[in-house]
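# Coordinate analysis (summary)
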Amino acid sequence: MEEVFKALANVNRLLLIYSLASGEVEKISVTAMSRNMGITQPAASQHLKILKNANILIAKKEGNYIYYTFNEGAMKKHQKRIDFLFTCAFSKCHQVKCPELEKKEK
């Protein structure tokens, strides 16, 4: 999970994830990411590599381009682990009466 959180700890990568998740784009190439985000191609390539190494994205070659899309199987595993973590944390908060939760509930 550490690798996933590190991969998501960058605004450019979060914006890319949002673009893919919202349906703005179905898949993205280094060139498209570079153009859409106003970053260099090497920077875009590095961001995509980090997301791929964290098993958030997979790469598929189509013609001369490599396109990146969500790695659905790995994303389901990530979701289960993150849900478990936050479910346990919220459970603990309710047991000890977290001041932040009490403020929001009022």
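Residues numbered from 1 in each chain as written. Predicted model: local features only at pLDDT ≥ 70, side-chain atom pairs only at ≥ 80, totals over all residues. Heavy atoms only, no water.

## A closer look at the pairing of strand E1 (residues 57–62)
When E1 meets strand E2 (residues 65–70), the two strands line up antiparallel, connected through 6 bridges. Opposite Lys60, over in E2, you have Tyr67 as the bridge partner. Here E1 folds back onto E2 in antiparallel fashion, the turn holding 2 residues, of which Gly63 has a positive phi close to 65 degrees. (Pairing = 2+ DSSP bridges. Helix = DSSP H or I, 4+ residues; strand = E, 2+ residues; numbered from the N terminus.)

## Focus: the side chain of Ser34
Here Ser34 lies in helix H3 (residues 30–37). Residue classification places Ser34 among the buried residues on the basis of a relative accessible area of 11%. Looking at Ser34, its side chain comes within polar contact range of the main-chain nitrogen of Gln41, at 3.5 Å. Contacts of Ser34, omitting those with residues within four sequence positions, involve Ile39, Thr40, Gln41 and Ala44. (Buried < 20%, exposed > 50% of the residue type's maximum accessible area, 1.4 Å probe, protein only. Polar contact = N/O pair within 3.5 Å; in protein donor to acceptor, adjacent residues only side chain to side chain. Contact = heavy atoms within 4.5 Å.)

## Quick word on helix H2 (residues 11–22)
The end-to-end C-alpha distance of H2 is 16 Å, a good match for the 16 Å that 12 residues give at a rise of 1.5 Å each. The elements touched by buried residues of H2 are helix H1 (2–8), H3, helix H4 (41–53), E1 and E2. Two residues or fewer after H2 comes Gly23, characterised by a positive phi angle close to 90 degrees. (Expected span 1.5 Å × (residues − 1).)

## Points about unusual backbone geometry
Positive phi values are uncommon outside glycine, yet Asn55 reaches one of about 60 degrees. Residue placement: Asn55 occurs in the loop between H4 and E1.

## Details of a nonpolar patch on the surface
Nonpolar side chains collect at one region of the surface, where Met1, Phe5, Leu85, Phe86 and Phe90 lie side by side and expose about 450 Å² of accessible area between them. Structurally, Phe5 is set in helix H1. (Patch = residues over 30% accessible without salt bridge, like charges linked within 9 Å, V, L, I, M, F, W, Y side chains within 5 Å. Areas by Shrake-Rupley, 256 points an atom, 1.4 Å probe, with all protein chains shown as cover. Salt bridge = Lys/Arg side-chain N within 4 Å of Asp/Glu carboxyl O.)

## Digging into the environment of His47
Looking at the secondary structure, you find His47 in helix H4. Sequence separation between His47 and Leu8 is 39 residues, and the spatial gap between their C-alpha atoms is 10.0 Å.

## What about H3?
Val30, Ala32, Met33 and Ser34 are the residues of H3 that are buried. Contact partners of the buried residues in H3: H2, H4 and E2. The first or second residue beyond H3 is Gly38, which carries a positive phi of 70 degrees.

These figures come from the coordinates and say nothing about function on their own.
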